[in-house]
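Here is what each chain is made of, one letter per residue.
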Amino acid sequence: MIGVDKDGPGETGMRGMMARWAGRAAAAWLCLGAAQAQTQAQTTSIEAPSVEARVEALLARMTLEEKAGQLNLISNEPLNDPGAIRRGEVGAVINFSNAWLAAEADGLARASRLGIPLLVGLDVVHGYRTVFPLPLALAASFDPGLVRRAAAAMARESASVGLNWTFAPMADVARDLRWGRVVEGLGEDPWLTGRLTAAQVEGFRDGGLASTLKHCAGYGAVLGGRDYDATFVAPTELHDLHLPPFRAGIRAGADAVMTALTALNGVPTTADGGLMTGILRRQMGFSGLVVADWQAVASLVKHGVARDGAEATRKAFAAGVDMDMTSGLYLRHLPDEVRAGRITEAAVDAAVRRVLRLKFGLGLFDRPLVEASNAEGRLLLPETRRIAREAARASLVLLQNREDVLPIDPSRVRRIALVGPFADAAWDQVGPHEGNGQPHDTVTILSGLRERAAASGVEVVFAEGCPRVCTDRTGFAAAVEAARGADLVVAVMGEPRDRSGEGSSTAYLDWPGLQHDLLAAVADAGKPVALVVFGGRPTELGRAPERAHAMLMAWIPGTEGGPAIADVLFGDVGPSGKLPVSWPRTVGQMPLTYDTLPGGRPHIPNSRWTMGYADASPLPLFPFGHGLSYTSFAYGEPEVLTPKVGVGDRYEAVLEVRTPVTNIGPRPGRAVAQLYLGQPVAARSRPKRLLKGAVLLDLASGETAYANFRIPARDLGYHEPDGTLVVEPGEYRVTVGGDSAATQTARFTVETGWRGPPGGDQAQR
Ligand code: BGC
């Protein structure tokens, strides 16, 4: 008999849920017009207790089959039984991804016996119709405010067509660039991923979408970067590295958490009660909805931990998974399992309550169906595109800029040769998780650059050189010809959209086809070359850094990518993006991250018996946090304002550090001051540096300002295998600068240490 207390966190969890409700029903439905505005006025007055009362009243009227229906999420498939939603057998849907489909499905649900509206979900990862830069690119902004505004804009547009739930953000840290899904996350670092995960959760809520933290947990550790392969993560690493972004998202009020498709240390996460109930609900206090990933309940049979669908249902449900995504197994088996006494109805009720609370919290019961006939007019609004352009600019990372080739100076550059297979690649710009993005909405780099150049009287001659697979040299001659006749070559090269994303892990990280040959050919024309690197993630650059004077990482920049890149190339806006992942020299370095342990034989170049490779440097080509500006910044010595932090019983203790930053270059610019923590001697070997803070400073030429950091004491610690957070007394070090190779250091002391629950959760209260 399975009688799990699926309410897990009890009082605290309930309080978290209440807090999420506050103001939620007033989410931004403004764009839906007057009828919805009226609904908003009604729903803002819903008090949490009345939501509970409405949930209980509804639950009391539900049959066991209807309860199982609320825990069943279906996809939009041609073979679906159209009557299922009408019969109350479906609580949520995915991929009903336009206003007509969403309204039709939701209309059927509202016409069912109890009229319970649907959760209408989609993977709104980086936009719905207006496509924003990929999450990894947004992470390069290091700017939670911008990330939140971008998420809110995506959510508003999605909500305007009747979606109310996104399967984002991805809170998995990505430690291996071969893993295609690195593009969906926020980089290799748990602190940055956590900050920006929280910002996305808040933004989605601002714009009216429920959020889902995924994939719990450890998915980013797939062996060899192969999607869906096994993960083996030591308990300390699970707590130090993989769980903190989920905790940050939960603290920000995430509505749902999704399991991973993978097995963690041999146990599929969808059947892992220790993880989904023990850690997620009890330790982390998550009281929202737990949803299985796509057919993850059914895949328990393939994983070899269940004999059949009924056993898979029992195992997933016992582990704490409330909702089954697209297996149909909960619908088929839960009622019988309850009748046979193998699952308690109380446990089913607890799961259904979580679904209903979310629906009431979103205000779904209190507003009409979204009007599909005029939905098109709510898409691609100028304000949404404006934020997409701002986000794309902020994501661009200037990797190098020899001889100050950038920004383009129209008094010297009268003609630009634009070459490369991604200069006019509308579909690639939309990226691998496009929502409902359309290539014909996209402003390509060619269009954006032409328009901006024309405004300064500069001519752009476009000669692609080769198409996107680039297996043929026929177009090389025209590209070389264009380069010879120009004052500057802008080459756009890298990876197409389908070399990253889900199910697109790669064994190589180099550019497909003959692109390096094309770059060599145009560089031989003798004109300065500005290389715009295109693609979801860092790739092997080969000899490109020698051939190109400047290199700008453009990622996959979305609908407004063209104008955004033109803005930065011409210096209307300075580049300020920083790498959220270490940039490798070669795929053989994978996994490569900045937060390495010192090791007993630290790397010394050309010294055989030290850590490294015989045939390549173990160091990145560009370090985590790297990104140049059109100006330069000088970092002063960090000053620790709290040189003796007494953590002890003062959970609220904070480390305060400030560093003067001066813009010593000729132009205004944005500095991203980064603070890294180290504990040189500890009970266990700790990473040499760990990012714990980032401060954005917009500085005029010659201006100085302080970067002020406030680091909560819990962020100084590490976890023991059982999840205990330890902040040891002793000496620590902070390093502040413009990237993870910074050198300005100061010391401080923790006088009295602290041991407490994982993530310092208690420190919150
Ligand atoms: C992915 C999830 C996604 C789901 C629905 C799965 O294959 O792992 O991240 O949300 O599909 O599209």
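Owing to the predicted nature of the structure, the values given are computational and were not obtained by experimental measurement.

Draft legend 1. View of the packing of helix 19 (residues 445-455) against helix 23 (residues 561-569). It is the contact of helix 19 with helix 23, at a shortest axis distance of 7 Å, that shows an interaxial angle of 45°. As the angle between them shows, helix 19 and helix 23 are arranged oblique. Crossing of helix 19 against helix 23: the hand is right-handed. The residues of helix 23 that touch helix 19, namely those facing Ile 445, Gly 448, Leu 449 and Arg 452, are Gly 562, Pro 563, Ile 565, Ala 566 and Leu 569. Here the contact of helix 19 with helix 23 is composed, by residue class, of six nonpolar, two polar and one charged.

Draft legend 2. Inspection of the packing of helix 20 (residues 476-484) against helix 21 (residues 515-523) at higher detail. Contact geometry for helix 20 and helix 21: axes closest at 8 Å, N-to-C directions at 35°. Where helix 20 crosses over helix 21, the two elements pack in a sense that is right-handed. Seen from helix 20, the contacting residues are Phe 476, Ala 479, Val 480 and Ala 483; seen from helix 21, they are Asp 517, Leu 518, Ala 521 and Val 522. In the contact of helix 20 with helix 21, the residues fall into seven nonpolar, no polar and one charged.

Draft legend 3. Inspection of the pattern of salt bridges at higher detail. Following the criterion strictly, the structure yields 51 salt bridges and no others. In this structure, Arg 339 and Glu 65 form a salt bridge, with 3.1 Å as the shortest nitrogen-oxygen distance. Taken as a pair, Arg 339 in helix 15 (residues 329-339) and Glu 65 in helix 4 (residues 64-70) lie far apart in primary sequence, 274 residues in all. The exposure class assigned to Arg 339 is exposed, which follows from its relative accessible area of 52%.

Draft legend 4. Spotlight on the sheet that holds strand 3 (residues 119-122). The parallel open sheet is built from five strands, whose spatial order is 4-3-2-1-10. The sheet is open, and its two borders are formed by strand 4 (165-166) and strand 10 (324-325), each paired with just one other strand. Taken together, the two bridges between strand 1 (residues 72-75) and strand 10 define a ladder with parallel strand orientation. By the bridge assignment, Leu 73 is partnered in strand 10 with Met 325.

Definitions and cut-offs
Sequence positions are assigned chain by chain, starting from 1 and proceeding in written order. In keeping with the predicted nature of the model, local features appear solely for residues at pLDDT of at least 70, side-chain atom pairs appear and are counted solely at 80 or more, and the whole-chain, interface and lining totals rest on all residues. Only hydrogens and water are set aside; all other atoms, that is, all heavy atoms of the structure, feed into the side-chain values. The convention used is that axes are lines fitted to C-alpha atoms, helices contributing only their stretch in contact, and that angles between N-to-C directions extend from 0 to 180 degrees. Think of it this way: any DSSP run of H or I at least four residues long counts as a helix, any run of E at least two long counts as a strand, and we number them from the N terminus. Should an angle fall under 35 degrees it is taken as roughly parallel, and over 145 as roughly antiparallel, whereas 65 to 115 is taken as roughly perpendicular and any remaining angle as oblique. For any helix crossing, the convention is left-handed if the near helix is rotated counterclockwise from the far helix by under a right angle, and right-handed if that rotation is clockwise. Two residues form a contact once any of their heavy atoms are found within 4.5 Å. For this classification, the nonpolar set comprises Ala, Val, Leu, Ile, Met, Phe, Trp, Tyr, Cys and Pro, the charged set comprises Asp, Glu, Lys and Arg, and every other residue, Gly included, is treated as polar. Salt bridge, as used here: a side-chain nitrogen of Lys or Arg that lies within 4 Å of a carboxyl oxygen of Asp or Glu. Think of it in three bands: with a 1.4 Å probe and only protein chains considered, a residue is buried below 20% of the maximum accessible area for its type, exposed above 50%, and partly exposed in between. We call two strands paired when DSSP finds no fewer than two bridges between them.

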